[in-house]
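Here is what each chain is made of, one letter per residue.
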Amino acid sequence: MPQDPFAGTQSGLQSPALHIEAITPDDNSDLARVTRAINVAQAGTLRVITAAGVTGDVHVAAGVAFPLRVRRVLATGTTALGIVGLS
């Protein structure tokens, strides 16, 4: 197992993500974890519910980690593909 010099350091919102989770948009189910950022393989719109419970649309570029804390990515209104949550 590799050494991790940061293992004893507390993570914050500015820290690198520890988890990567493929996201399948779903109108009814929350994600397993609230994201710290979202990345997509193909640019488009994400319709999301944020960690604060606000629903809205954001346009995301491919290959860029977009700093957005969301609890759900809705299928209705989402056109981006290859969605990955970073947390």
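Owing to the predicted nature of the structure, the values given are computational and were not obtained by experimental measurement.

Caption draft 1: Highlighting the sheet that holds strand S5 (residues 70-74). The sheet built from three strands is open, its strands ordered S4-S3-S5 with antiparallel pairing. Either end of the sheet is taken by a strand with one partner, and the two such strands are strand S4 (55-60) and S5. Ignoring strand direction, the axes of neighbouring strands in this sheet form an average angle of 40 degrees. The sheet contact formed by strand S3 (residues 44-50) and S5 spans four bridges and is antiparallel.

Caption draft 2: Just the pattern of salt bridges, in detail. Counted under the stated rule, the structure contains two salt bridges. Across the salt bridge formed by Asp 30 and Arg 72, the nearest N and O atoms sit 2.9 Å from each other. Here the residue Asp 30 occupies a position in the loop between strand S1 (20-22) and strand S2 (37-39), and Arg 72 occupies one in strand S5, the gap between them amounting to 42 residues. The class for Arg 72 is buried, based on a relative accessible area of 17%. With a closest N to O distance of 2.9 Å, Asp 57 and Arg 47 form a salt bridge. With Asp 57 in strand S4 and Arg 47 in strand S3, this pair connects stretches of sequence that are ten residues apart.

Caption draft 3: The arrangement of the nonpolar core in detail. Counting residues in hydrophobic clusters, the biggest one holds 13 residues, and the most contacted among them are Ile 38, Val 40, Leu 46, Val 70, Val 73 and Ile 83. Looking at this core, the elements that each hand over two or more residues are S3, S4 and S5. Apart from residues lying up to four places away in sequence, Val 70 is in contact with Leu 31, Arg 33, Val 34, Thr 35, Ile 38, Val 48, Ile 49, Thr 50 and Ala 51.

Procedures and definitions
Residues numbered from 1 in each chain as written. Predicted model: local features only at pLDDT ≥ 70, side-chain atom pairs only at ≥ 80, totals over all residues. Heavy atoms only, no water. Pairing = 2+ DSSP bridges. Helix = DSSP H or I, 4+ residues; strand = E, 2+ residues; numbered from the N terminus. Axes fitted to C-alpha atoms, helices over the stretch in contact; angles between N-to-C directions. Salt bridge = Lys/Arg side-chain N within 4 Å of Asp/Glu carboxyl O. Buried < 20%, exposed > 50% of the residue type's maximum accessible area, 1.4 Å probe, protein only. Core = buried A, V, L, I, M, F, W, Y, C linked by side-chain atoms within 4.5 Å. Contact = heavy atoms within 4.5 Å.

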